[in-house]
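# Geometric and topological summary
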Amino acid sequence: MLIDETIAAIATPAGEGGVGIIRISGEMALEIGSTVFQSADGVRLLDRGANAFAYGSIRDKEGVQIDVGLALVMRAPKSFTGEDTVELQGHGGTVVLRRVLRRVLEAGARMAEPGEFSRRAFLNGRMDLTQAEGLFDLIRARSDRAAQAGLEQLEGVLSRSFNGLYDAFLEVTANLETTLDFVEDELPDDVFSGIAQKLDHSFMELDRLLETWNEGRLLREGVRVAILGRPNAGKSTLLNALLGYERAIVSEIEGTTRDTIEEQWVLNGIPLRLTDTAGLRVTDCRVEAEGIRRAEAHGEVAELIIYVLDASKRLASEDQRRLEELPADRSVVVLNKIDLGQKVDEIEGIAVSLLSAHGLVDLKAALIEKLDAGEQSPAHAVISERHRALLIKARYEAKQARAYLIENIEQQSALACDHLRSALEHLGYVTGRTYHDELLDNIFSRFCIGK
């Protein structure tokens, strides 16, 4: 990947659409744009100022028209990538966009790699790594809350927090390194205590950031919800009712569901990963037993469990045992088939008749309450797993440094400085103050080619 090459790619999703965009970025972007695009007013793109647009046609080497549309000119450094950029906006369609892209590549551009536009934006100082990841989260968001969190991260909310933390550790390190130039017992007693206090204050901000990880994980990955219960209790019917369409096969035959079925569903702005599971019972069938094993495994790792009971029948001993083992803080019990008469009255739960959707509103309200979503503050930027791993490493190194500031401080200041430098290196990897090609490949390779 050469940063001095001019790159191009289709920037809109594949398929039919009203508008399709080809993005060109690099030193030759305006020249290539002028070669392939003929403005209706006769003024070349190369001769236009920044933030200009023109109507015209895109033509092949022989001058034959390929498409008509607009060309947008953005000059460095005020563009997404920080380079000269041209966007050709034509009609959205797979064939026409490929013809336009082929023409742009013939004119001297290179096909962009996944995430290369965003990578150039980072390398040219238009965004840091946390902002780039916020852009990725915004594009991939599956709920309003996730989109809002991604947007805040893109706008630099996390960047400011991480930069403030980095600067605080940098100040502590610089102050501590200054003490190395003094002779033993030459410094006032309060110098090292002041450095320690500053370091302790930085731990508070570091821990605050770490506390946002779980919320971030749920927004990005979705809350894992396992639907458990005995055969024919109505688990698959519940999945279909929540989704609003027939996703799982529903049958009166027990053991119809043999494997897990997972679908995405958004409730009150929070993405959920609903998993329908095999009915829980004792069986000699090896295939069904494997399905039951998987169901139990999903229940163990789920953030929320929906346990479905057939309330038209007496409570089975198997259900009684499993209900006693359910974690109360992350479980909702559903009493299904109340239209057939309710015979389960010793268990508290949400009474429903899933065939008629009776009680579904109450069930959703109970789920929201368990998710603690009703009183949550508006979505905000939250750290990712990558950020968390680096923060934990930085915290460990800083704690090691802090331990050296308790006894024999002057003799151990150099060791404390070594650990603080390591902490700074880990923090630098978060925003990209410190980076290497492998880190950039790992982040930007997940992006689409046109971004």
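Above this note sits the structure.
These numbers come from a predicted model, not from an experiment.

A few words now on the sheet that holds strand β6 (residues 85–92). Read across the open sheet, the 7 strands follow the order β3-β4-β5-β6-β2-β1-β7; overall the sheet is mixed. With partners counted over all chains shown, the strands left at the sheet margins are β3 (37–39) and β7 (110–111), one partner each. As judged from the 5 bridges shared by strand β5 (residues 65–74) and β6, these two strands associate in the antiparallel manner. Residue pairing across strands places V73 opposite V86, the latter belonging to β6. Against the sheet, helix α1 (residues 29–36) touches β2 (17–25), β3, β4 (52–59), β5 and β6, its axis set at about 75° to β3. Contacting β1 (7–10), β2 and β7, helix α3 (residues 116–123) runs over the sheet at an angle of about 135° to β1.

Tallied over the entire structure, the rule returns 30 salt bridges. Put simply, E171 and K198 hold a salt bridge, and the shortest N to O gap is 3.6 Å. Placement of the pair is E171 in helix α6 (residues 157–179) and K198 in helix α7 (residues 190–210), with a sequence separation of 27 residues. Between E303 and R224 there is a salt bridge, with the nearest N and O atoms lying 2.6 Å from each other. Linking E303 in the loop between α10 (286–301) and β11 (304–310) with R224 in strand β8 (residues 223–229), this pair joins segments that are 79 residues apart in sequence. One network of salt bridges, in which partners are shared, links E5, E83, R110, E116 and R120.

What follows deals with unusual backbone geometry. Cis geometry is adopted by the peptide bond preceding P77, which originates at A76 and carries an omega value of 5°. As for its position among the elements, P77 is in the loop between β5 and β6. Positive phi outside glycine occurs at A357, with the angle close to 70°. With respect to the helices and strands, the residue A357 is situated in the loop between β13 (350–351) and α12 (360–371).

This part covers the pairing of β2. Where β1 and β2 come together, 4 bridges link them in antiparallel fashion. By the bridge assignment, I7 is partnered in β2 with S25. Once β1 ends, the chain turns through 6 residues before running back antiparallel as β2, passing G15 with a positive phi of about 115°. Of the strand pairs in this sheet, β2 and β6 are connected by 7 bridges, and their pairing is antiparallel. Bridge pairing links I21 to Q89 in β6.

With that out of the way, let us pick up the packing of aromatic side chains. Summed over all chains, the structure comprises 5 aromatic pairs. Relative to Y435, the ring of F122 has its centre 5.2 Å away and its plane inclined at 80°; by these criteria the two rings are edge-to-face. Of this pair, F122 sits in helix α3 while Y435 sits in the loop between α14 (409–431) and α15 (437–444), placing them 313 residues apart in sequence. Accessibility expressed as a relative area gives 8% for F122, which makes it buried.

Counting buried positions along helix α9 (residues 235–243) gives 8 out of 9 residues, so the element sits mostly inside the fold. Of all the residues in α9, the buried ones are K235, S236, T237, L238, L239, N240, L242 and L243. Where the residues of α9 are buried, they touch β8, β9 (261–267), β10 (270–276), β11 and α12. Of the residues trailing α9, G244 is marked for its positive phi of about 90°.

Thresholds, definitions, all that
Residues numbered from 1 in each chain as written. Predicted model: local features only at pLDDT ≥ 70, side-chain atom pairs only at ≥ 80, totals over all residues. Heavy atoms only, no water. Pairing = 2+ DSSP bridges. Helix = DSSP H or I, 4+ residues; strand = E, 2+ residues; numbered from the N terminus. Contact = heavy atoms within 4.5 Å. Axes fitted to C-alpha atoms, helices over the stretch in contact; angles between N-to-C directions. Salt bridge = Lys/Arg side-chain N within 4 Å of Asp/Glu carboxyl O. Phe/Tyr/Trp six-rings, centres within 6.5 Å; stacked < 30°, edge-to-face > 60°. Buried < 20%, exposed > 50% of the residue type's maximum accessible area, 1.4 Å probe, protein only.

Purely spatial values, then, with no claim about function.
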